[in-house]
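Observations on the model geometry
Listed below, chain by chain, are the residues.
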Amino acid sequence: MLGTDFRIGSPNWLDLGSPDTDAAAAFYGAVFGWSFASAGPEAGGYGFFQADGKTVAALGPLTEEGAKSAWMVHFMAKDAQATAQAVKDGGGKIRTEPMDVMGEGWLTQATDPQGAEFAVWQPGKTAGLERASEENSLVWAELHVPDPVAATEFYNGVFGWRSEEMQAPGMTYRVLSTKDGDQKQASFGGVAPMGDGAGGGGVERPRWVPYFHVADVDATVSAAQGAGGSVIMPAADVPDVGRIAWVADPFGAVFALLKPSARM
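These lines cover the structure that appears in this document, whether it is placed above or below. (Residues numbered from 1 in each chain as written. Predicted model: local features only at pLDDT ≥ 70, side-chain atom pairs only at ≥ 80, totals over all residues. Heavy atoms only, no water.)

**Side note on the packing of helix α2 (residues 80-89) against helix α3 (residues 148-159)**
In a pair of packed helices, the angle between the axes and the distance between the axes together describe the arrangement. As a reminder of what qualifies: Note on method: axes are straight lines fitted to C-alpha atoms, helices fitted across the in-contact stretch only, with angles between N-to-C directions ranging 0 to 180 degrees. Elements are defined by DSSP. Helices are runs of H or I of four residues or more, strands are runs of E of two residues or more, and each kind is numbered from the N terminus. Between 65 and 115 degrees an angle is taken as roughly perpendicular, under 35 as roughly parallel, over 145 as roughly antiparallel, and anywhere else as oblique. By convention, the crossing between two helices is left-handed when the near helix turns anticlockwise from the far helix through less than a right angle, and right-handed when the turn is clockwise. Any two residues whose heavy atoms approach within 4.5 Å are treated as being in contact. Asp, Glu, Lys and Arg are counted as charged, while Ala, Val, Leu, Ile, Met, Phe, Trp, Tyr, Cys and Pro are counted as nonpolar; the rest, among them Gly, fall into the polar class.
At a closest axis distance of 8 Å, the pairing of α2 and α3 adopts a crossing angle of 150°. Taken together, α2 and α3 sit at an angle that is classed as roughly antiparallel. Crossing geometry of α2 relative to α3 is assigned as right-handed. For the pair α2 and α3, contact is made by T83, A86 and V87 and by F154, G157, V158 and F159, respectively. Per-class residue counts for the contact of α2 with α3 are five nonpolar, two polar and no charged.

What follows is the structure, encoded as C-alpha cells:
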C-alpha cells in the first residue's frame, strides 16, 4: 500500500489543475474536510490541501493551453532528466521538460504512448506527500488504457515497475509495484482495460485516476453530490478490495473513493 517512505516509481505527489481554485478548494473541503494553504504569492495560485496539518494533495490553476480540469499523479524519480529520456525512448511524450521548482524538487510532465498524462517528481526539499493510505488521503493510483499489456511494458521501462495479474469480473487486472521491496507490500496501483472495471462507461479516455481512502463511501458520495459533484460509478462492493465509487468534481476532474477491505 501507499506510504510516505518513497522509492523510485512510487506515487509521491498529487495535484489538481482547476479553472476555479477557490471553488475547488471549497468542494474538496466539503467532501474530505481538507483545508487549503497557499504556497505564497510567487507560486502563482498554487497551494496545498491538508488534513490534520499534513499535505495530502495540491491545487493550482490550469497552466497548459486547452487543458481540462484533472488530477495529476506524480511518480518519484532519482533523476528527472534520465526519466524524461526513458519516457521518450519508450514512445511517450514530454509536455514540460524537467525544471527546478524553487529548490523543492524537479518536475517534468509527460504523456504515455496511449495518451494518459502523468508527472515525475525528483525530490529536493520536498520529498512528497506527508500523508497517504490514511482516511481522506491517497491510497491507490489506477491507470485505464486500451492496451494494459503495452502500458505495463512502457512503465516498466521508465520506472522498473513490477506487475501481477489478477482475474476480476470480466477482465484481467494488473497490480503494480515498485521495483524494490516485497512485491505485495510495494504495490501502489493497478492497470485496467479502458471502459471496464471500476470506471465503467465513465472512463472515455486514457487516464490515471487517484483513489482516496474514506471511512464511508456512500456518505462521501452524498457529500460530493451536495457540493456540486457528480457520480460516475455508484458505490459498489468489490470482493477482496472494498467498497468503491467514482465521482467527478464540479469541473469534471475524476477521482475515486475506496473503503479498503481487511484483505486488501
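This is not the end of the story, as more comes after the structure.
**A word on helix α1 (residues 21-32)**
The line we're drawing: By definition here, a helix of n residues has an expected span of 1.5 Å times n minus one. For the exposure calls, accessible area comes from a 1.4 Å probe over protein chains only, and a residue counts as buried if that area is under 20% of its type's maximum, exposed if over 50%, partly exposed in between. Arc, as used here, means the arc of the directions from the helix axis to the C-beta atoms. Polar contacts here mean pairs of N or O atoms no more than 3.5 Å apart (in protein, one a potential hydrogen donor and the other a potential acceptor; neighbouring residues in sequence count only if both atoms are side-chain atoms).
The terminal C-alpha atoms of α1 lie 16 Å apart, and with 12 residues this matches the ideal 16 Å at 1.5 Å per residue to within 8%. Here α1 has its buried residues at A24, A25, F27, Y28, V31 and F32. End-on, the buried residues of α1 take up no more than an arc of 165°, which puts them together on one face. Pointing more than 90 degrees away from the buried face of α1 are the exposed residues D22 and A26. Backbone nitrogen of D22 and a side-chain oxygen of the N-cap are separated by 3.3 Å at the start of α1; the cap is D20. Backbone geometry just after α1 places G33 at a positive phi near 75°.

**Structural notes on the nonpolar core**
Operational definition: By convention a nonpolar core is built from buried Ala, Val, Leu, Ile, Met, Phe, Trp, Tyr and Cys residues, the set being connected through side-chain atoms within 4.5 Å.
Y28, W34, W71, F118 and W208 are the most contacted members of the largest nonpolar core, which totals 57 residues. If one sorts the elements of this core by residue count, α1 sits on top with six residues. Apart from residues lying up to four places away in sequence, Y28 is in contact with L16, G33, W34, F49, W71, D249, A253 and F255. Judged by nonpolar contacts, the second largest core, of 15 residues, contains Y173, I244, A256 and L258.

**Quick word on the sheet that holds strand β8 (residues 117-123)**
Counted only if it meets this: Two strands pair under a simple rule: DSSP has to find at least two bridges between them.
Spatially, eight strands are ordered β2-β3-β4-β1-β5-β8-β7-β6 in an open sheet, and the strand pairing comes out mixed. At either end of the open sheet lies a strand with only one pairing partner, and these are β2 (35-38) and β6 (93-100). Each strand axis lies, on average, 25° off the axis of its neighbour in the sheet, ignoring direction. In this sheet, strand β5 (residues 70-76) lies alongside strand β1 (residues 11-18) in antiparallel orientation, the contact comprising six bridges. Within β5, the position partnered with W13 by the bridge is H74. Each of β1, β2, β3 (47-51), β4 (54-61) and β5 touches α1; the most contacted strand, β4, lies at about 150° to it. Each of β6, β7 (105-111) and β8 touches α2; the most contacted strand, β6, lies at about 175° to it.

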